[in-house]
Amino acid sequence: MRRNFRCFLMVNAALMLTACTPFDLAYTGIASQRHSGHPAPHPGDVSNPGDTSHAGSAPRPGPDSGSGDVPARPQFPTLHPGDEGALVEKVQSRLDRLGFKTGPPGSEYGPALRMAVWAFQKANGLPAVDRVDPPTWQALSHPERVRPLVPSGGSVRVEIDLRRQLLTAWKDGRPALITHISTGTGKPYCKNGHCGVAVTPTGDFRAWWRTAGWTSGPLGDQFYTVYFNGGIGFHGSERVPRHPASHGCIRVPLHNARPLFDMIQTGHQVYVRRPA
């Protein structure tokens, strides 16, 4: 009798976990994940000091529901850069479908996925952190709608949000590509005899000059650049931190530079805004 009761509780818990799984993650082999080390926390990170779970662990039970055996709320393991497995692939697939491109397919939480997660978190009002944590899982299940900065803009256009450090490329009225960016620091600079103030100006512009592949200039190397305001443009960079760090151009992750270059042709509109 006691054995039958315990079996009933285990089956009931499994059914509860499956029913609450977001966006078809019920059969992802959570136990196949591994964790290769946590990065140091950053300011603004949301963390739970008591949570020692990682991607190599099974989901931890929630608060005691009173039965002593059945969790009140299923939880998913927090993923970190370096983790790999089926659950990472599911996150990649979900972000790609939402427009937050993650680069070549794979099963590892690598640099491209890391920046796609940052972009998704910022677009959903979350701090950009180096993990897929419970708030991020919730947002993946119920993401915020991507709203245009310029609703009356062209069918194919780029919108740059300086406040959130996000670039959205629109095509046929839909956000085709959303990426994390790093824009001008706003500070004076002098480099290789070139001095100025590192500002990314706001305004309405049009793409006017495009350079394929890697190019080098006095302020650094650029990958697939689209210029829209004199010498200011958006381009791929090997360094796209979570804060404004450029001399005025818009740095984008390398894996997004070529798709943007292919999408935005000469004459397409580029809007740069700093929303309140």
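So, a few notes on the structure that sits alongside this text. Treat the numbers as computed from the prediction; the structure is a model and nothing was measured. (Residues numbered from 1 in each chain as written. Predicted model: local features only at pLDDT ≥ 70, side-chain atom pairs only at ≥ 80, totals over all residues. Heavy atoms only, no water.)

Right, let's talk about the sheet that holds strand 7 (residues 209-217) for a bit. Taken in spatial order, the four strands of this open sheet run 7-8-9-10, and their pairing is mixed. Looking at the sheet topology across the chains shown, the edges are occupied by strand 7 and strand 10 (250-253). Going from strand to strand, the sheet's axes swing by 30° on average, the running direction of each strand aside. (Pairing = 2+ DSSP bridges. Helix = DSSP H or I, 4+ residues; strand = E, 2+ residues; numbered from the N terminus. Axes fitted to C-alpha atoms, helices over the stretch in contact; angles between N-to-C directions.)

Attention shifts here to the pattern of salt bridges. Under the counting rule described, the total for this entry stands at seven salt bridges. Among the ionic pairs, Asp-130 bridges to Arg-242, the shortest N-O distance being 3.8 Å. Here Asp-130 is found in the loop between helix 3 (111-123) and helix 4 (134-141), whereas its partner Arg-242 is found in the loop between strand 9 (232-237) and strand 10, with 112 residues between them in sequence. A single network of salt bridges, built from pairs that share partners, joins Arg-114, Asp-130 and Arg-242. (Salt bridge = Lys/Arg side-chain N within 4 Å of Asp/Glu carboxyl O.)

Take the layout of surface pockets next. Think of a ball as big as a water molecule: rolled over the atoms, this probe shows where empty space is left. Roughly 480 Å³ of volume is contained in the second largest pocket. Taken together, the residues of the lining of the second largest pocket sort by class into seven nonpolar, eleven polar and four charged. (1 Å grid on protein atoms, 1.4 Å probe; cavity = no way out; pocket = protein on both sides within 12 Å on 5 of 7 lines; lining within 4 Å. Points joined across faces, edges and corners; volume = space filled by probe spheres on them. Nonpolar A, V, L, I, M, F, W, Y, C, P; charged D, E, K, R; others polar.)

The next point concerns helix 3. The first and last C-alpha atoms of helix 3 sit 19 Å apart over 13 residues, in line with the 18 Å expected at 1.5 Å per residue. With respect to burial, helix 3 is a largely interior element, ten of its 13 residues being buried. Turning to helix 3, its buried residues number three or more, namely Leu-113, Met-115, Ala-116, Val-117, Trp-118, Ala-119, Phe-120, Gln-121, Lys-122 and Ala-123. Contacts made by the buried residues of helix 3 are with helix 2 (86-98), helix 4, strand 2 (166-171), strand 3 (174-180) and strand 10. (Expected span 1.5 Å × (residues − 1). Buried < 20%, exposed > 50% of the residue type's maximum accessible area, 1.4 Å probe, protein only. Contact = heavy atoms within 4.5 Å.)

All we've got here are geometric facts, nothing functional implied.
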